[in-house]
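# Chains, contacts and geometry: an overview
Here's the letter readout for the chains.
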Amino acid sequence: MNERSLSKEQLDDLSLRGEQLNHALRSLAWINRWFGNTRSAISIIEKLHTDKNSPLKLTDLGCGGGDVALAIGQALRKKGIPFSITGIDGNEHTLAIARSVCASCPDIRFEKADILDPGFSLDACDILFSSHFMYHFREEALVSFLQKNRAAVSTAFICNELERSSVALRLFRWFAFLFPISRMARQDGQLAIRRSFTKKEWIALFEKAGIAHYRIRRVPLFRLQVIIFPRQTR
C-alpha cells in the first residue's frame, strides 16, 4: 500500500452496458448516499455560494449515474437558488441512465467526454465537484489537468475521495459483503482503495501544480474531503 496501484477497474470500460452497469451504478449511488459523499457536497456548495440570488453554475466531473447531481439540484431548488449542473462522463450508456435518473430536473444536463484525455478542457463554471473519481488520474496527468483547467473554475473544486490505507482495505474486504452492492462494485472498491491518493500525496500534487490555496480534511470511513481554490495562486 506504499505505492498506488495503476490497474484499471471494470467500470473503467467505457463500453460497459446492460444490467452489469445498472447494478454497479446503483451500488455507487448507495455508497454516495450512505457514506456521506452527497450530504457533504451539498453542505459545502451551500456554504460557498453566499449570494443566494445569483445563478450557480456547477459541473459534476465523472458524474456516473447522476445521483449526486440530482441530490444537489433538489437541495438547491428547495433553497430557491437558481442553478445549472452539467454532468460529464465518458460512457454513453452511463449517461443514458443519468438522464433518466435526472429527468425530473431540467436544470441538469449531461455531456460525453473522456476526462482523462490530455486534450479535455472544462467549460467555465462556478463550482466543480467530483465523487470518488480523481484517483483515476495518474499523478502527472492530474497535475496537468489542474494546471490546465483551474482558470475555468471561479469558486472552488470539491473532491470527495477515498484515502489509501491498509486498514481501509482490510475493513472493506471484511464488511463489503454486508452492503447491498454488486459483486463488481466490491471488486472495484478494493482496487479503488489501492488507487487512491493519501493526504501527503495530494499535498505534493498541489505543490507541483502551483496550487497553494486548498483544504484537506479526513472524514469518516477513510475518506478525504478536498477543496481546491484554483484561481488563487502564490
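Details of the structure are given in the entry above.
In this report, the structure presented in the accompanying data block is examined. (Residues numbered from 1 in each chain as written. Predicted model: local features only at pLDDT ≥ 70, side-chain atom pairs only at ≥ 80, totals over all residues. Heavy atoms only, no water.)

## A look at the overall build of the chain
When helices and strands are tallied, the chain shows eight helices and seven strands. For 234 residues, the compact-globule estimate of 2.2 N^0.38 gives 17 Å, and the chain sits close to it at 17 Å. When its C-alpha atoms are laid out on the principal axes, the chain stretches across 45 × 45 × 35 Å. Of all 234 residues assigned to the chain, the portion counted as buried reaches 51%. (Helix = DSSP H or I, 4+ residues; strand = E, 2+ residues; numbered from the N terminus. Rg over C-alpha atoms; globule rule 2.2 N^0.38 Å. Buried < 20%, exposed > 50% of the residue type's maximum accessible area, 1.4 Å probe, protein only.)

## Comments concerning unusual backbone geometry
Even without a glycine there, the phi angle at L221 is positive, about 70°. Among the structural elements, L221 can be located in the loop between β6 (214-219) and β7 (223-228). For F222, which is not glycine, the phi torsion reads 60° and is therefore positive. Looking at the element boundaries, F222 is found in the loop between β6 and β7.

## What about the packing of helix α6 (residues 166-175) against helix α7 (residues 183-195)?
The N-to-C vectors of α6 and α7 enclose an angle of 175°; their axes lie 9 Å apart at closest approach. Taken together, the axis directions place α6 and α7 in an arrangement best described as roughly antiparallel. Residues A168, L169, F172 and R173 of α6 pack against A185, R186, G189, Q190, I193 and R194 of α7. Considered class by class, the residues forming the contact of α6 with α7 number five nonpolar, two polar and three charged. (Axes fitted to C-alpha atoms, helices over the stretch in contact; angles between N-to-C directions. Parallel < 35°, antiparallel > 145°, perpendicular 65-115°, else oblique. Contact = heavy atoms within 4.5 Å. Nonpolar A, V, L, I, M, F, W, Y, C, P; charged D, E, K, R; others polar.)

## Notes on the pairing of β6
Side-chain direction in a regular strand flips from residue to residue, so the side chains alternate between the two faces of the sheet. Judged from the six bridges that link them, β6 and β7 form a sheet pairing that is antiparallel. The residue bridging Y214 from the neighbouring strand is I228, located in β7. (Pairing = 2+ DSSP bridges.)

## Topic: the environment of T198
Inspection of the secondary structure assignment puts T198 in the loop between α7 and α8 (199-209). Classification of T198 by relative accessible area gives buried; the value is 18%. For the pair T198 and D114, spaced 84 residues apart in sequence, the C-alpha separation works out to 25 Å. Residues within four places of T198 in sequence aside, it is in contact with E163, R164 and L224.

## Describing the pattern of salt bridges
The final tally for this structure, using the stated rule, is nine salt bridges. E19 serves as the salt-bridge partner of R26, at 2.8 Å between the closest nitrogen and oxygen. Given the relative accessible area of 48%, R26 is considered partly exposed. Residue R109 pairs with E111 through a salt bridge whose shortest N-O separation is 3.4 Å. According to the relative accessible area criterion, E111 is partly exposed, its value standing at 22%. What you see here is one network of salt bridges that share partners, running through E9, D12 and R195. (Salt bridge = Lys/Arg side-chain N within 4 Å of Asp/Glu carboxyl O.)

## Notes on the sheet that holds strand β5 (residues 153-162)
Read from one edge of the open sheet, seven strands run β3-β2-β1-β4-β5-β7-β6, paired in mixed fashion. Two strands close off the open sheet at either side, each with one partner strand: β3 (108-112) and β6. Looking at each pair of strands side by side, their axes are set apart by 15° on average, direction ignored. Contacts from helix α2 (residues 37-48) reach β1 (56-61), β4 (125-131), β5 and β7 within the one sheet, and its direction differs from that of β5 by about 160°.

## Focus on the environment of A185
Mapped onto the elements of the fold, A185 is located in helix α7. On the basis of relative accessibility, which here comes to 11%, the residue A185 falls in the buried class. Not counting chain neighbours up to four residues away, the residues in contact with A185 comprise S27 and F172.

## Examining the side chain of N91
One can find N91 in the loop between β2 (83-89) and α4 (92-101). A polar contact is formed between the side chain of N91 and the backbone oxygen of L16, at a distance of 2.9 Å. Residues contacting N91, with those up to four places away along its chain left out, are D13, L14, S15, L16 and L21. (Polar contact = N/O pair within 3.5 Å; in protein donor to acceptor, adjacent residues only side chain to side chain.)

## Quick look at α8
Looking only at α8, the buried set comprises W202, L205, F206 and A209. All buried residues of α8 lie within an arc of 100° about the axis, which places them on one face of the element. In α8, those exposed residues whose orientation departs by more than 90 degrees from the buried face are K200, E207 and K208. The inward-facing, buried residues of α8 abut α5 (139-149), β5, β6 and β7. G210, located one to two residues past α8, shows a positive phi value of around 75°. (Arc of directions from axis to C-beta.)

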